[in-house]
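Here is how the chains run, residue by residue.
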Amino acid sequence: MNLGISALDYIEAIKNGEFTVEEFVSETFDQIKKVDGKLHAYLSLNDKALDQAKELDKKRKAKEKIGSCMGMPIAIKDNICVKGAKTTCASKMLEKYTAPFDATVIARLRKQDALFIGKTNLDEFAMGTTTEFSVYGPSKNPWNQEYVPGGSSGGSAVAVSALESVVSLGSDTGGSVRNPASFCSIVGLKPTYGLVSRYGLISYANSIEQIGPMARTVKDTAFLLNVISGIDPNDNTTIDNHGEDYLKNIDSGIDGKKIGIISEMVGKGTDNTVSSATKKALAKFEDLGAKCEEIPIDMVDYSVASYYTITSTEAGSNLARYDNLRYGFDFDLEGYEFNSYISKARRSFGPEVTRRLIIGGFVPSAGHAGKYFLKALKVKSRLTKEINAAFKKVDFLVAPTVPILPFKFGEKLDDPVAMFLIDFNTVTANLTGKPAISVPFEISNGLPIGIQIIADSMQEKSLFQAAYALESTTNLPKVPL
Ligand code: GLN
């Protein structure tokens, strides 16, 4: 059986009776057994998955209708609530937390009979870019296990890349879907802010983050978005997309479209190999009939500073609830008074979360807010104005997803600013609410490079058309497992 088939081919194969859901799921678990000891994509597995698979097969045999996902295996980032499953955020603080409800995206997938294989590794509370900040230890890049898989949704990218699942979900606050997608050579989408419900996503910086689909093909990513998107009464920032079908006309091409290359994202700080891959991608776009021009977006230079100021502030507020009383781990109250107990318990947060909480306490505080937090908000609104103006001239904005190649474990752990700057090309889409996708484009010396395409708000349909057109020009090797 070919575990590397796309979700759409899997669904066809099930419909045609080529194999059963149980056979496919059981082989997926064999693959997990074979590779996950090394790769560590999963934090926990769904021990009911095989029974659920059998149940679906039974229903199909009895000619009962089953949902459009037909038992398709999906892996879920461990900051998204799946009823009855542990949801740890890769943090000691939530090591005992079992979600009592389904996130809206999970309820929608469940309704369509997707099969939840397990919960995937991430940087603690999704703060990080490599999965090195998971308290359970990092995931490894299947392309080269000495290299980071990207983050924070590293486990979700590894699971899909290493055929331990067909598709997965991640969350993207500043690049956490797109960055690991790029580093592991899969597709990852950060939807328009509000297109996908955040209900049941454990908040890091709720004003800018979105849950996003991750898959091995652009079409599978569009299919997943069909299932999870749309208005939700439980999240009043959601937007009605009127049941848009993102797969329809996905092969329309990009003839006559205008593409802007954000000058700041291809200049200094970009690795030479990544630059030359980007040039090749632009040449492909031109071959497909698009017109490319460079567009400077001045505020991009301040986007990372603005992003970390805003997100740390929101993290400070969102993580205030973790006092080890309502959620937490075993830790005896004996000998502590109230404040010292809570502050001791909160010292269980890892170094990166702690860093964000310290920044997030300082930058919005009275006396400093004007200099930091309010300034960051001004950058955000000026950046949005500039990006909106750009979309009056062009249909898409293109840049490498990540300015550098995947790197070795430990290389940037002692340099938080270098780690933050890896997000230089991804945070703009979050700060402005725009949709952005990473498409695998090249494997250079065994290391993946992804190209990012950004579109205007709610233009996912044409974004997928551009992504599909670019994907069709590539013929990438399979992951060397
Ligand atoms: N690296 C970014 C951060 O640490 C992005 C994280 C994310 O998108 N969740 O904030």
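Details of the structure are given in the entry above.
Residues numbered from 1 in each chain as written. Predicted model: local features only at pLDDT ≥ 70, side-chain atom pairs only at ≥ 80, totals over all residues. Heavy atoms only, no water.

Undergrad: Would you take a moment to explain helix α15 (residues 460-472) for this structure?
TA: Structural remark: α-helix, 3.6 residues per turn; residues separated by three or four positions point the same way. Counted at 1.5 Å a residue, the expected span for α15 with its 13 residues is 18 Å, and the 18 Å between its end C-alpha atoms agrees. For α15, a buried count of 11 out of 13 residues is recorded, marking the element as mostly surrounded by other parts of the structure. Taken as a whole, α15 has its buried residues at E460, K461, S462, L463, F464, Q465, A466, A467, A469, L470 and E471. The inward-facing, buried residues of α15 abut β5 (187-190), α7 (218-228), α8 (272-287), β9 (396-400), β10 (436-444) and β11 (447-455). (Helix = DSSP H or I, 4+ residues; strand = E, 2+ residues; numbered from the N terminus. Expected span 1.5 Å × (residues − 1). Buried < 20%, exposed > 50% of the residue type's maximum accessible area, 1.4 Å probe, protein only. Contact = heavy atoms within 4.5 Å.)

Undergrad: I'm lost on the pairing of strand β3 (residues 115-120) in this one. Help?
TA: Residues in a regular strand point their side chains to alternate faces of the sheet. With six of its six residues buried, β3 lies for the most part within the structure. As paired elements, strand β1 (residues 42-45) and β3 share three bridges and run antiparallel to each other. Residue pairing in the sheet places L45 in a bridge with G118 of β3. Sheet analysis places strand β2 (residues 73-77) next to β3, joined by five bridges and oriented parallel. Opposite I76, over in β3, you have K119 as the bridge partner. Each parallel crossover has a hand, and for β2 linked through helix α4 (residues 104-111) to β3 it is right-handed. (Pairing = 2+ DSSP bridges. Right-handed = clockwise from strand over helix to strand, strands pointing away.)

Undergrad: Would you mind showing me how to read the packing of α4 against α7 here?
TA: What describes two packed helices is the angle between their axes and the distance between those same axes. Between α4 and α7, the shortest axis-to-axis distance is 8 Å and the interhelical angle comes to 105°. Considered as vectors, α4 and α7 are oriented roughly perpendicular to each other. Across the interface between the two elements, V105, R108 and L109 of α4 pack against L224, V227 and I228 of α7. Residue composition of the contact of α4 with α7, by class: five nonpolar, no polar and one charged. (Axes fitted to C-alpha atoms, helices over the stretch in contact; angles between N-to-C directions. Parallel < 35°, antiparallel > 145°, perpendicular 65-115°, else oblique. Nonpolar A, V, L, I, M, F, W, Y, C, P; charged D, E, K, R; others polar.)

Undergrad: Would you explain the pattern of salt bridges in this entry?
TA: Oppositely charged side chains can pair when the atoms bearing their charge come close. Inspection of the entire model under this criterion finds 15 salt bridges. In this structure, the salt-bridge partner of R178 is D172, at a minimum N-O distance of 2.8 Å. Across the pair, D172 and R178 agree in class, each one buried. With a shortest N-O distance of 2.9 Å, E352 and R355 are connected by a salt bridge. Here E352 and its partner R355 are both found in helix α11 (residues 351-362), three residues apart, which amounts to about one turn of the helix. Judged by relative accessible area, which is 3%, E352 ranks as buried. Each of the salt bridges in this network shares a partner with another, and the network as a whole consists of E352, R355 and R356. (Salt bridge = Lys/Arg side-chain N within 4 Å of Asp/Glu carboxyl O.)

Undergrad: What exactly am I supposed to notice about the nonpolar core here?
TA: Within soluble globular proteins, side chains that are nonpolar tend to cluster in buried spots. Grouped together as the largest cluster of nonpolar side chains are 94 residues, with contacts concentrated most on Y10, M72, L109, L169 and I453. Residue contacts for L109: discarding those within four places in its chain leaves C69, I74, A114, F116, L169, L224, V227 and I228. (Core = buried A, V, L, I, M, F, W, Y, C linked by side-chain atoms within 4.5 Å.)

Undergrad: I keep staring at the sheet that holds β3 and nothing clicks. Help me out?
TA: One key point about sheets: their strands pair by backbone hydrogen bonds, in either a parallel or an antiparallel sense. Spatial strand order, β1-β3-β2-β4-β6-β5-β10-β11-β9-β7-β8: 11 strands in an open sheet with mixed pairing. Both edges of this open sheet fall to β1 and β8 (291-295), since each of them pairs with a single strand only. Averaged over all neighbouring strand pairs, the angle between strand axes comes to 30°, with direction disregarded. Bridge count between β5 and β10: three bridges; the pairing is antiparallel.

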